[in-house]
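Examining the three-dimensional arrangement
What follows is the residue order along each chain.
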Amino acid sequence: MRIICDAPGQTCNRLWTYVASVAQCIAEHRKMVILFYDWTIEDFPNLLHCPFIYFPLWHKWYLERGNGWNNYKGLTWKVTHNKTWDKVFCFFGCTKGWSTRTDTRYLAQTKQELQRIFRPKDEIMHKAERMIAEMRQSADMVIGVHIRRGDYATWNDGRFFYELEEYHQFMLRLQHLYKDKHIGFFISSNEPFPLDTFTRCHCSRFGNEPSAAILDLYTLALCDRIVGPFSSYSRWASFIGEVPLCFLEQKEQDFTEASFSIITDYFHFANGKEILDW
């Protein structure tokens, strides 16, 4: 039995932390334990109630009372960023899921079951499907644009931080690439801005929806193409939805159809291109 003992970063980092172990359990009929689950776990009922995955610290009655979730997140951070606890976990043979990202043995053969297990609850998927269906009424192709700014202003010295106008220019270049099609852009971002920022582009996005990050994530996974800066977020959407992705690597970037490929694992595209661990 594998015990996952770390809790790196935000939701999509956690999903990438789990996926190799889940795939192995499916293929080898094993069981696993996730000690410190992400706070969005209730958005993934198939994962939470999977018969071979155990969440021993899951106590809904406690987490939803008082300051339960904040206390849990604070405790998780302290325990998973502590050298003494690292030694305890090592002694008991626990695994840091983040280190399993290179384990690709079972991802392809278990992909269909992984898609089922990591499918969010119907309420989220129905909203995502409805959004894309409405966009397809007037668009031949829907391109998901992951706009991530905020912490990217400093991460890697701002290398992958782009102004909104630069995202606008990316979108105009994509319209030129697919000039024989009517393009609709689905905008995924946790930043408020008016869609008329992107003139001459037909754009849609959700408002202040519950579980907005997961809703955006799985709407991206329903698009025909995805663009965005290096991120585990758009990477997961491409992987789980099997949608061709192109990372935005420089401000003057241009696009061809060969720029896009499906993510097959954390470090690789289907076309063989390797992704550096930024």
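Heads up: the structure comes first, above all this text.
Just so it is clear, the model here is predicted, and its values are computed rather than measured. (Residues numbered from 1 in each chain as written. Predicted model: local features only at pLDDT ≥ 70, side-chain atom pairs only at ≥ 80, totals over all residues. Heavy atoms only, no water.)

Further remarks concern the sheet that holds strand S6 (residues 202-204). Overall, parallel pairing links the five strands, which are arranged S6-S5-S4-S7-S8 in an open sheet. Edge positions in the open sheet fall to S6 and strand S8 (245-247), since each of these has one partner strand only. The mean inter-strand angle of the sheet, taken between neighbouring strand axes irrespective of direction, is 25 degrees. Packing against the sheet, helix H8 (residues 164-177) makes contact with strand S4 (141-146), strand S5 (183-188), S6 and strand S7 (225-228), and its axis sits at approximately 150 degrees to S5. (Pairing = 2+ DSSP bridges. Helix = DSSP H or I, 4+ residues; strand = E, 2+ residues; numbered from the N terminus. Axes fitted to C-alpha atoms, helices over the stretch in contact; angles between N-to-C directions. Contact = heavy atoms within 4.5 Å.)

For the rest of this paragraph, the subject is the sheet that holds strand S3 (residues 53-54). Reading across the sheet, the three strands line up as S1-S2-S3 and stay open at both edges, with parallel pairing between neighbours. Across the chains shown, the open sheet's two edge strands, defined by having one partner strand only, are strand S1 (2-4) and S3. Pairing between S1 and strand S2 (residues 32-34): three bridges, direction parallel. Counterpart to isoleucine 3 in the pairing with S2 is valine 33. Against the sheet, helix H1 (residues 11-28) makes contact with S1, S2 and S3, and its axis sits at roughly 160 degrees relative to S2, the strand it touches most.

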